[in-house]
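A structural walkthrough
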Amino acid sequence: MRIVVLTGAGISAESGVPTFRDADGLWEGHRVEEVATPEAFVADPALVQSFYDARRAALAGVEPNPAHHALARLERALGEDLLLVTQNIDDLHERGGSTGVLHMHGELLSALCAGCAARSRWEGPLAEAPDCPGCGEAALRPDVVWFGEVPYQMERIFGALDAADLFVSIGTSGAVYPAAGFVQYARRRGARALELNLQPSDGTLWFNEARHGPASELVPAWVD
Ligand SMILES: CC(C)NC(=O)[C@H](Cc1c[nH]c2ccccc12)NC(=O)[C@H](CCCC/N=C(/NCCC(=O)O)S[C@H]1O[C@H](COP(=O)(O)OP(=O)(O)OC[C@H]2O[C@@H](n3cnc4c(N)ncnc43)[C@H](O)[C@@H]2O)[C@@H](O)[C@H]1O)NC(=O)OCc1ccccc1
């Protein structure tokens, strides 16, 4: 059984990471789409840096929950037959024990050089980050995919969706594309689709089955 799992902010909600819907899409009064865009980074880099510095710092205060741990068990059981794709930029899947996580929207603990595109691990405020280890330019930006930018590893994701027997969506509202379109794509390729979410997502009608409730209960119940 080849499975593709897609997770969103809802899987980290019970760990204390606010979802986008929680803050009704606002951060410090800014619409997320306003601070998570390349245009915003050009217009006000300090505002954007502080947005991500705040989320990076908050990681120290949260822990993976039973849903993250259950997916790590599933990975150990299925090996290559599982692809875990996340829209989340936190590191809770990895801290929950998952090793092959595909972060399609990037990672908070990674910095990207806007000059030479070199990547480097960075845990602290980006404003204090050293110059790029690749080209020496002081052009490090958060290694996240902003609105209007192409998500990471799309070929690998569509390749896995082509071969999938089952597509499972966990803790996502299905409001942001191209991730929100994966269920339609998978169904058209003949896969079954299962939704595990607190409430019906925008794409819930595309799923063969939907179970609604907290991920910390639904995911272990599905995996074990
Ligand atoms: C707002 C939306 C309409 N905009 C888009 O989709 C745009 C494109 C677009 C613009 N206009 C359009 C009009 C129509 C269609 C599309 C568009 N998309 C883009 O720009 C993307 C780039 C999008 C990525 C942006 N970066 C993120 N994050 C990283 C940064 C950061 O994090 O700061 S997106 C970010 O928001 C999204 C938030 O969604 P969720 O994770 O689902 O969270 P949300 O809060 O919405 O929902 C939480 C859910 O959990 C549930 N829940 C809550 N608690 C629990 C619980 N305890 N248990 C279980 N479930 C729970 C809730 O019920 C809820 O359903 C995530 O993807 C997250 O990564 N790029 C692109 O399109 O490039 C071209 C392209 C096209 C095709 C192929 C290639 C390229």
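The structure displayed is predicted, hence computed values, not measured ones.

**Some points on the pattern of salt bridges**
Charged atoms that come close allow side chains of opposite charge to pair. One pass over the structure, following the stated rule, counts 10 salt bridges. Note that Arg95 is salt-bridged to Glu63, the shortest N-O span being 3.7 Å. Remark: Glu63 occurs in the loop between helix H4 (45-58) and helix H5 (66-78) and Arg95 occurs in helix H6 (residues 92-95); sequence separation between them is 32 residues. Residue Arg95 is classed as partly exposed on the basis of its relative accessible area of 34%. Of the charged contacts, one joins Arg95 and Asp91 as a salt bridge, the two residues approaching to 3.1 Å between their closest N and O atoms. Sharing partners across several salt bridges, the network here consists of Glu63, Asp91 and Arg95.

**Quick word on the pairing of strand S10 (residues 192-197)**
Burial runs high along S10: five of the six residues are buried. Note that strand S9 (residues 166-170) and S10 share five bridges and pair parallel. Residue pairing for S10: Leu166 is matched across the bridge by Arg192. Assessed by its sense of winding, the connection that carries the chain from S9 through helix H8 (residues 182-188) to S10 is right-handed. Alignment of S10 against strand S11 (residues 209-212), held across four bridges, turns out to be parallel. Bridging across to S11, Leu196 finds its partner in Arg211.

**Looking at the UniProt feature "active site" (unreviewed entry) in the chain**
The UniProt record marks His105 with the feature "active site" (unreviewed entry), using the residue numbering of this structure. Inspection of the secondary structure assignment puts His105 in the loop between strand S5 (101-103) and strand S6 (106-113). On the accessibility criterion, His105 (13% relative accessible area) is buried.

**A short note on the sheet that holds S6**
In spatial order, the strands read S7-S6-S8; together these three strands make up an open sheet with antiparallel pairing. Bordering the open sheet on either side are strand S7 (119-121) and strand S8 (140-144), each of which pairs with just one other strand. Across the sheet, the mean angle separating the axes of adjacent strands is 45° when strand polarity is ignored. Bridge analysis of S6 against S8 gives four bridges, and the strand direction is antiparallel. Among the inter-strand pairings, Gly106 is bridged to a residue of S8, identified as Val144.

**Side note on the site of the ligand**
Surrounding the ligand, one finds 35 residues, the nearest of these being Arg55, Gly148, Thr172, Ser173 and Gln199. With respect to the ligand, the side chain of Thr172 contributes an N or O atom lying 2.6 Å from an oxygen atom. Between the ligand and the protein, one listed contact pairs an oxygen atom with a side-chain N or O atom of Asn197 at 2.9 Å. Those elements giving two or more residues to the shell around the ligand turn out to be helix H1 (10-13) and H4. With three residues, the top contributor of residues to the shell around the ligand is H4. When residues of the shell around the ligand are assigned to domains, at least three map to each of domain 1 (1-17 + 64-105 + 151-224) and domain 2 (18-61 + 110-144).

**Comments concerning the confidence of the model for the chain**
Here the chain averages 92 in pLDDT, and 95% of its residues register 70 or above. Listed scores for the predicted complex are pTM 0.96 and ipTM 0.95.

**As for the side chain of Ser110**
Tracing the sequence through the fold places Ser110 in strand S6. Polar contacts involving the side chain of Ser110 include one to the side chain of Asp143, which spans 2.8 Å. Residues within four places of Ser110 in sequence aside, it is in contact with Arg119, Ser120, Arg121, Trp122, Pro142 and Asp143.

**Focus on the pairing of S9**
With respect to burial, S9 is a largely interior element, five of its five residues being buried. Neither face of S9 is left uncovered, since the one carrying Leu166, Val168 and Ile170 and the one carrying Phe167 and Ser169 both have all their residues buried. As judged from the five bridges shared by strand S1 (residues 3-7) and S9, these two strands associate in the parallel manner. Bridge pairing in S9 places Val4 opposite Phe167.

Definitions and cut-offs
Residues numbered from 1 in each chain as written. Predicted model: local features only at pLDDT ≥ 70, side-chain atom pairs only at ≥ 80, totals over all residues. Heavy atoms only, no water. Salt bridge = Lys/Arg side-chain N within 4 Å of Asp/Glu carboxyl O. Helix = DSSP H or I, 4+ residues; strand = E, 2+ residues; numbered from the N terminus. Buried < 20%, exposed > 50% of the residue type's maximum accessible area, 1.4 Å probe, protein only. Pairing = 2+ DSSP bridges. Right-handed = clockwise from strand over helix to strand, strands pointing away. UniProt positions renumbered as here; feature names shortened; annotations may be inferred. Axes fitted to C-alpha atoms, helices over the stretch in contact; angles between N-to-C directions. Near = heavy atom within 4 Å. Polar contact = N/O pair within 3.5 Å; in protein donor to acceptor, adjacent residues only side chain to side chain. Domains from an automatic or database assignment. pLDDT = per-residue confidence, 0-100. Contact = heavy atoms within 4.5 Å.

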